[in-house]
Amino acid sequence: MEFAGSQRAKKTAGRKMLNGFAGAFASGMILPRVPAMTSNMVSAWILRPRHPSGMNWTAPGGAGGSVPWNIVVLLSLLTLLPALLVAVTPFTRILIVFHFLRQALGTQTAPSNQSLIGLSLVLTYFLIQPVGASIYQASVEPFQRGQVDALEAISRGAPPLRHFMLKYAREKDLALFLELSQSPRPARADDVPMRVVVPAYILSELKTGFQIGVALFLPFLVIDLVVAAVTTSIGMMQLPPVIISTPLKILLFVMVDGWNLLVGSLMKSFA
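Predicted, not measured: the structure shown is a model, and the values here were computed from it. (Residues numbered from 1 in each chain as written. Predicted model: local features only at pLDDT ≥ 70, side-chain atom pairs only at ≥ 80, totals over all residues. Heavy atoms only, no water.)

Enquirer: Provide a residue-level description of helix α6 (residues 113-144), including the pertinent values.
Expert: Here α6 contains 32 residues, and its C-alpha end-to-end distance of 37 Å is more than 12% below the 46 Å for a straight helix at 1.5 Å per residue. The largest bend in α6 is about 50°, located at Ile128, with the proline Pro130 one to four residues further on. Residues Leu116, Ser120, Leu123, Thr124, Leu127, Ile128, Val131, Ser139, Pro142 and Phe143 constitute the buried set of α6. Looking one or two residues beyond α6, the residue adopting positive phi is Gly146, at roughly 85°. (Helix = DSSP H or I, 4+ residues; strand = E, 2+ residues; numbered from the N terminus. Expected span 1.5 Å × (residues − 1). Bend = angle between axes of the 7 residues up to and from the residue. Buried < 20%, exposed > 50% of the residue type's maximum accessible area, 1.4 Å probe, protein only.)

Enquirer: Explain the packing of helix α8 (residues 171-181) against helix α9 (residues 194-233) to me, using residue names and the numbers behind them.
Expert: Where α8 meets α9, the axes come as close as 8 Å, and the angle between the chain directions of the two elements is 140°. Compared by their axis directions, α8 and α9 come out oblique. Crossing hand, α8 versus α9: right-handed. Between α8, through Asp173, Leu174, Leu176, Phe177, Leu178 and Ser181, and α9, the contact on the second element is made entirely by Arg195, Val196, Val197, Pro199, Ala200, Leu203 and Ser204. Residues of the contact of α8 with α9, tallied by class, amount to 9 nonpolar, 2 polar and 2 charged. (Axes fitted to C-alpha atoms, helices over the stretch in contact; angles between N-to-C directions. Parallel < 35°, antiparallel > 145°, perpendicular 65-115°, else oblique. Left-handed = near helix turned anticlockwise from the far one by under 90°. Contact = heavy atoms within 4.5 Å. Nonpolar A, V, L, I, M, F, W, Y, C, P; charged D, E, K, R; others polar.)

Enquirer: Please set out the pattern of salt bridges residue by residue, giving values where relevant.
Expert: On inspection of all chains with the given rule, the structure shows 3 salt bridges. Arg93 serves as the salt-bridge partner of Glu205, at 2.6 Å between the closest nitrogen and oxygen. Remark: Arg93 occurs in helix α5 (residues 91-105) and Glu205 occurs in helix α9; sequence separation between them is 112 residues. For the salt bridge of Lys249 with Asp224, the shortest nitrogen-to-oxygen distance reads 3.2 Å. A residue pair is termed long-range when its members are at least 10 positions apart, and Lys249 in helix α10 (residues 241-255) and Asp224 in helix α9 qualify at 25 residues. Assessed through its relative accessible area of 4%, Lys249 is described here as buried. Using a relative accessible area of 23% as the deciding quantity, one classes Asp224 as partly exposed. (Salt bridge = Lys/Arg side-chain N within 4 Å of Asp/Glu carboxyl O.)

Enquirer: So, the nonpolar core: which residues are in play, and what are the values?
Expert: Ranked by size, the top nonpolar core spans 37 residues in total, and within it Ile94, Phe98, Leu101, Phe164, Met165 and Met267 carry the most contacts. Breaking this core down by element, the ones donating at least two residues are α5, α6, α7 (150-168), α8, α9 and α11 (258-268). The dominant element in this core, judged by the number of residues it contributes, is α5, at 8 residues. Excluding its chain neighbours within four sequence positions, the residues that come into contact with Met267 are Ile94, Leu123, Phe126 and Leu127. (Core = buried A, V, L, I, M, F, W, Y, C linked by side-chain atoms within 4.5 Å.)

Enquirer: Requested: an account of a nonpolar patch on the surface, with residues and values cited.
Expert: Taken together, Leu74, Leu77, Leu80, Leu84, Leu151 and Ile154 make up a surface patch of nonpolar side chains, about 500 Å² in accessible area. If you list the elements that add at least two residues to the nonpolar patch, you get α3 (67-79) and α7. Residue placement: Leu84 occurs in helix α4 (residues 81-87). Under the relative-accessibility criterion, Leu84 is labelled partly exposed at 35%. (Patch = residues over 30% accessible without salt bridge, like charges linked within 9 Å, V, L, I, M, F, W, Y side chains within 5 Å. Areas by Shrake-Rupley, 256 points an atom, 1.4 Å probe, with all protein chains shown as cover.)

Structure follows, in structure tokens:
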């Protein structure tokens, strides 16, 4: 009986507390009523002083062109940066040669893709750094000083890159894309449009990379053929020749200091 009485007392106290909160809300004690905004209050709110935003886009002093267009051009270049890295730098040739080397050695995952791409990026930076310095002096510095807008900076940075690509593009590939674009034969190298230079350079780099890869493949192919002939002649039909030839190829590559020879030959091919 005492337990039932205590439960009844608790329910009664809780009901009184809820009724008290409801009355407080109704009378505006906890949430007072907000007065309606008058027209003068609205005008004062609209004309209130505003603090300057932290994101204040300003063009370089004296730069021509609108700031939004400059931002659009720069963001577009950042989006296309991976494709430009593959298209207009020696990255393609270097990476193709490294993949041929891995296939020739018979090691499917060593070195890993990340290692090969990292080494290719470092060697690409080593080769393209003088061109990048020329582009910086011709286009980036005037843009930072506000002398040109973004589009003019891009056009000023094109000649150093064009000269670099024309140095390694084959005349046959240039003639092909000049014919496809129906462009007149240029009198000077500076007159060749970039839409002709870039695809011709990519084709030339692919061909050169495959040529180096085939020349790299031949010594290891000879080892595979010799091992396969020996194992077949002594009746070891159940033993795959790859098990024997792979350690021999790795041993040969290490003994002749293959990485030094390969990277040195690649760098000299761009001399």
